[in-house]
Amino acid sequence: MTGKPVKVKITYCAECGYEPQALDLTKALMYEFGARLSAIELVPWESGTFEVSVDGQLVHSMKRDGGFPTQAVVSSAIRTRSGGGSSV
Amino acid sequence: MTLDRARWDKGLTYDAFKAAMTRNQERFAQNEDRVALDPETVGTFASLPQRLRVLVLAEDWCGDVVANLPILGRLAKEIPTLDVRIFYRDQNLDLMERWLNQGKYQSIPVFVFFDENFRELGHWIERPRTVSERRAEERKKIFAAHPEFGSPDAPVDGLPEDVRTRLQAELQKMREDMVGFANAEVQRELRELVSAVAV
């Protein structure tokens, strides 16, 4: 992946025990993309929220899509957004 | 899964649960301090003809646990015949499966009332419906009063940080303002539950 660094934001319900899922996804993205991400922002929220956006574009919402996102979905969005294709 | 004495004894007492909390301990204590037990609630439980066991499913990260378990805890301090044992939801999924919210959600807290012989008498889950409804109404009002918050149905993800912080403060204030109502509603539902099953 040679494109521009992208920012990932993970908004999770801090009153629902979603920290493990947020941390697992964060860790996976850190290992997969490293410095090719400009930042990973974690936002504690409420109301059963689990949302992931890449450069401001929502790629997963628990309310919209149901459940937690797979790493593959988020990784794919990062590659698409960065313009780096599928090679990382 | 059968609840028996051996399993029951593995549950934590209310005080043991509080001591073992890894987060929200301060909020929990604050909520406990401000619980105003309705004399009608105390009277209802005090007049029950038998000792009740209350199995609780909980986790210390859960907002509804932090809000509502202290009410049961305070009540149990007043009513010696109310025996409370708390089980961590995520370590007792076989218990959780028995009392799913709407048959599918692992909502907590769950309060399950048993008689002395572990015969289930009734259960209570998460929070009163009236509280959820009132919160939804108040939430709509907040969004209506603050167009910068956008749609109440839109992902919060898209809000600028300063706006999101203001929204969070408004929502927290709304919940704080509703504590009295919410606590009264929890007590009303618990009174109605045990009154219906009292033998």
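Residue positions are given per chain, counting from 1 as you read along its sequence in written order. Chains carry letters from A onward and ligands carry numbers from 1 onward, assigned in written order. Given that this is a predicted model, residues contribute local features only at a pLDDT of at least 70 and side-chain atom pairs are listed and counted only at 80 or more, while totals for whole chains, interfaces and linings are drawn from all residues. Water and hydrogen atoms were dropped before computing side-chain values, which therefore reflect all heavy atoms in the structure.

Turning our eyes to something else, we now look at the overall build of chain B. Each helix corresponds to a stretch of at least 4 residues labelled H or I by DSSP, and each strand to a stretch of at least 2 residues labelled E; elements are numbered beginning at the N terminus. Counting its regular elements, chain B contains nine helices and four strands. Written out in order from the N terminus, the α and β elements of chain B read α-α-α-α-β-α-β-α-β-β-α-α-α. The globule rule used for comparison is 2.2 Å times the number of residues to the exponent 0.38, while the radius of gyration itself is calculated over C-alpha atoms. For 199 residues, the compact-globule estimate of 2.2 N^0.38 gives 16 Å, and the C-alpha radius of gyration of chain B, at 18 Å, lies within 12% of that figure. Dimensions of chain B, computed from C-alpha atoms along their principal axes, come out at roughly 55 × 35 × 30 Å. Only protein chains enter the accessibility calculation, which uses a 1.4 Å probe; a residue is then buried when its area is under 20% of its type maximum, exposed when over 50%, and partly exposed in between. Residues counted as buried form 47% of the 199 residues belonging to chain B.

Right, let's talk about the interface of chain B and chain A for a bit. A contact between two residues is defined here by any heavy atoms of the two lying within 4.5 Å. Of the residues lining the interface, 15 residues belong to chain B; the matching set on chain A comes to 17 residues. By definition, the buried area sums, over both parts, the 1.4 Å-probe accessible area that each loses when the two are put together. Summing both sides of the interface, chain B and chain A together bury roughly 1300 Å²; the carbon and sulfur share of this comes to 44%. Of all residues in chain B, B:W61, B:D157 and B:R164 bury the most surface against chain A, accounting for 42% of the area lost on that side. Counted as salt bridges are all cases of a side-chain nitrogen of Lys or Arg within 4 Å of a carboxyl oxygen of Asp or Glu. For the interface between chain B and chain A, the tally reads four salt bridges. Between B:R23 and A:E19 there is a salt bridge, and its shortest N-O distance comes to 3.2 Å. In the analysis that follows, any N or O atom pair within 3.5 Å is treated as a polar contact, provided that within protein one partner can donate a hydrogen and the other can accept it, and provided that, for residues neighboring in sequence, both atoms belong to side chains. The interface formed by chain B and chain A includes seven residue pairs in polar contact (both at pLDDT 80 or more). A per-element tally of the side of chain B that touches chain A places helix 8 (residues 161-177) of chain B first, with six residues. Side-chain classes are defined by residue name, with Ala, Val, Leu, Ile, Met, Phe, Trp, Tyr, Cys and Pro counting as nonpolar, Asp, Glu, Lys and Arg as charged, and the others, Gly among them, as polar. By residue class, the composition of the side of chain B that touches chain A is seven nonpolar, two polar and six charged.

Residues and elements named next belong to chain B. Overall, mixed pairing links the four strands, which are arranged 2-1-3-4 in an open sheet. Where the open sheet ends on each side, the last strands, each with one partner, are strand 2 (82-88) and strand 4 (120-125). Strand-to-strand, the axes of this sheet are offset by a mean angle of 20°, without reference to chain direction. By this definition, two strands are paired if DSSP reports at least two bridges between them. Across seven bridges, strand 1 (residues 52-58) lies against strand 2 in parallel orientation. Fitting a line to C-alpha atoms yields each axis, with helices limited to the stretch in contact; the angle taken between N-to-C directions then spans 0 to 180 degrees.

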